[in-house]
Amino acid sequence: MRELLPLRHRHDRAILAMAIPAIGSLAIDPLVSLVDTFFVGRIGTAELAALGINSALFAMAFIVFNFLAYATTPKIAAHLGRDEVEEAGRVVSHALWLALICGGLMTATLLVFAAPLLALMGAAGDVAGPALTYLKIRAWAGPALLISTAAHGAFRGFQDTRTPMWVTVMLNLINLVLDPLLIFGLGWGIAGAAIATVVAQWSGALLFLWLLLVRRREAMRVPLLAPSLSGMLPLVRVGSALLLRTGALVGTMTLATAVAARQGAESVAAHQVANQLWGFFALLIDALAIAGQALLANFIGRDDVKEARAMGARLLQWGLATGLVLGASIWLSGGLLAEAFSTDAEVIAGILMLIPFVAVLQPLNALVFVWDGLYMGTQAFGFLARAMLLSAGVAGALLLATNPLGWGLIGVWSAITSLMIVRGLTLGVPWATRRVPGLD
């Protein structure tokens, strides 16, 4: 392990100063879904299945807009590397306007097409009613979620990951308190879970807006601008490539949930728990990717390619070591994790069958996530989109074959494994051969 991760490196201080608070933020952020999964799982299997379908649908609807963070962070960091503070502030303002517009449009779309979207996702029978109830309430959190996404990107670009962490802690505490109160205390069931999420997300978004536009506006030079097409267009251009990349990724994961849903309520419930665990632990590594985005972009802004590559190599060492530790921990605690999320024996058996996938994927996830962040730091968004399309094509083909060939949940998670393997190859080979767009 000492050879894998030397104890000291000149970039460790900068990496850890950003990554440690980002770990808190990223680990806490999925807790909204994990907390909902925990409490809704105690209402019934149909409700848990409804939540799983909605989680996949919301991921498809809103995570495709994570370019609001991923495009904003390296642009701001590169401006700061060139001492262009006013330009960095203008990027923040335009990102917030774009978030509000996109969030409003997506909320309207979800409300208008709620029933056909859920039918497309396989919500039928006892699952259809709870799924529709949850969707029609949760959709109102759309603008808040995208405002928070843009704000995360802004603070990361300024190399501040502490502030997003504390905001994320606050909104998750609100959700944690409201979930049992509304679900069980007031007897609102799955509707209570949706309301708790909406209140928590809007609380976080309003706090972010106050910080950026009032409390720290002068320090970060964020101008109070009217929405401007010319100002938002550079983000939209970058966003088109990231939209393709993220859409392919989330589309694959959404297809995985749809395939599981057609295997029955117990199967999609087990898949929901495994998918939430996979995402929760994998996103811990994304803290290192966030550090890579901001630090690499700053080095490139200063035209220091040598230090950019040295810092990236150190991030990969940290990522692999962390992934190995997480994988071992998940493997050893699989039984406890399964019983924590369901009381249904068939669902528990399904979760236990999937735990080895969740555990073994962690080291690979770690490398892929760090590489992803490094490529974003170089703003090689077009390359990332093409690489993701190839990976999604392989996984999608396996998913489409799963139910006709009777592969069950093993087939679903084998496809997810293939997605990560191809991603690792398409990102790792150019890095190892020094052919990274924008860096080498």
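Our structure's up above, just so we're on the same page.
For clarity, every value in this text was computed on a predicted model and none was experimentally measured.

Points about the overall build of the chain
Within the chain one finds 19 helices and 0 strands. Taken against the 2.2 N^0.38 rule, which gives 22 Å for 440 residues, the C-alpha radius of gyration of the chain at 21 Å falls within 12% of a compact globule. Element-wise, carbon and sulfur atoms account for 67% of the exposed surface of the chain, whose accessible area totals about 17,100 Å². Within the chain, one finds 27 positive and 23 negative side-chain charges whose respective centroids are separated by 8 Å.

A short note on the packing of helix 13 (residues 229-261) against helix 19 (residues 408-432)
Between helix 13 and helix 19, the least distance of the axes is 9 Å, while the angle of their chain directions is 165 degrees. The angle between helix 13 and helix 19 falls in the class roughly antiparallel. Relative to helix 19, the crossing made by helix 13 is left-handed. On the side of helix 13, the interface is formed by Arg 245, Leu 249, Thr 252, Met 253, Ala 256, Val 259 and Ala 260, while helix 19 contributes Leu 409, Val 412, Ile 416, Leu 419 and Arg 423. Grouping the amino acids of the contact of helix 13 with helix 19 by side-chain chemistry returns 9 nonpolar, 1 polar and 2 charged.

Section: the packing of aromatic side chains
Counted according to the given criterion, the structure contains 4 aromatic pairs. A ring pair is formed by Phe 155 and Phe 208, whose centres lie 6.1 Å apart and whose planes are at 40 degrees; its orientation type is tilted. Remark: Phe 208 occurs in helix 11 (residues 190-215) and Phe 155 occurs in helix 9 (residues 142-157); sequence separation between them is 53 residues. Here Phe 155 matches Phe 208 in class, with each residue buried. On the numbers, 5.1 Å between centres and 15 degrees between planes, the contact of Tyr 375 with Phe 383 is stacked. Using a relative accessible area of 0% as the deciding quantity, one classes Tyr 375 as buried. Through successive ring pairs, a cluster of aromatic residues spans Trp 278, Phe 357 and Trp 413. Just above the ring of Trp 431 sits the side chain of Arg 309; from NZ or CZ to the centre is 4.3 Å.

Remarks on the packing of helix 17 (residues 345-377) against helix 18 (residues 381-402)
Helix-helix packing is characterised by the crossing angle of the two axes and by the distance between the axes. Their axes nearest at 8 Å, the elements helix 17 and helix 18 cross at an angle of 145 degrees. Here Asp 372, Tyr 375 and Met 376 of helix 17 lie close against helix 18, whose contacting residues are Phe 381, Phe 383 and Leu 384.

Considering the side chain of Gln 272
Considering the arrangement of structural elements, one finds Gln 272 in helix 14 (residues 265-301). Residue Gln 272 is classed as buried on the basis of its relative accessible area of 3%. Not counting residues within four places of it along the chain, the set of residues in contact with Gln 272 comprises Thr 37, Leu 48, Leu 51, Gly 52 and Ser 55.

Some details on the nonpolar core
In terms of nonpolar packing, the biggest core is built from 141 residues, with Leu 374, Tyr 375 and Trp 413 touching the most fellow members. Per-element tally for this core: the top contributor is helix 14, with 20 residues. Residues in contact with Tyr 375, not counting those within four places in the same chain, are Ala 380, Phe 383, Leu 384, Leu 427, Pro 430, Trp 431, Val 436 and Pro 437.

A short note on the pattern of salt bridges
Taken as a whole, this structure holds 4 salt bridges when the rule is applied. For Arg 221, the salt bridge identified is with Glu 86, shortest N-O distance 2.4 Å. Within this pair, whereas Arg 221 is found in the loop between helix 12 (217-220) and helix 13, its partner Glu 86 is found in helix 6 (residues 85-112), the two being separated by 135 residues in sequence. Take Arg 221: its relative accessible area is 40%, and that puts it in the partly exposed class. A relative accessible area of 45% means that Glu 86 is categorised as partly exposed. Between Asp 372 and Arg 423 there is a salt bridge; the shortest N-O distance is 3.7 Å.

Notes on the environment of Lys 75
Tracing the backbone through its elements, the reader meets Lys 75 in helix 5 (residues 72-81). When residues no more than four places from it in sequence are discounted, the contact partners of Lys 75 are Pro 234, Leu 235, Val 238 and Gln 379.

Reading the values: rules and limits
Residues numbered from 1 in each chain as written. Predicted model: local features only at pLDDT ≥ 70, side-chain atom pairs only at ≥ 80, totals over all residues. Heavy atoms only, no water. Helix = DSSP H or I, 4+ residues; strand = E, 2+ residues; numbered from the N terminus. Rg over C-alpha atoms; globule rule 2.2 N^0.38 Å. Areas by Shrake-Rupley, 256 points an atom, 1.4 Å probe, with all protein chains shown as cover. Lys, Arg positive; Asp, Glu negative; His and termini not counted. Charge placed at Lys NZ, Arg CZ, Asp CG, Glu CD. Axes fitted to C-alpha atoms, helices over the stretch in contact; angles between N-to-C directions. Parallel < 35°, antiparallel > 145°, perpendicular 65-115°, else oblique. Left-handed = near helix turned anticlockwise from the far one by under 90°. Contact = heavy atoms within 4.5 Å. Nonpolar A, V, L, I, M, F, W, Y, C, P; charged D, E, K, R; others polar. Phe/Tyr/Trp six-rings, centres within 6.5 Å; stacked < 30°, edge-to-face > 60°. Buried < 20%, exposed > 50% of the residue type's maximum accessible area, 1.4 Å probe, protein only. Lys NZ or Arg CZ within 6 Å of the ring centre and 35° of its normal. Core = buried A, V, L, I, M, F, W, Y, C linked by side-chain atoms within 4.5 Å. Salt bridge = Lys/Arg side-chain N within 4 Å of Asp/Glu carboxyl O.

None of this, on its own, says anything about what the molecule does.
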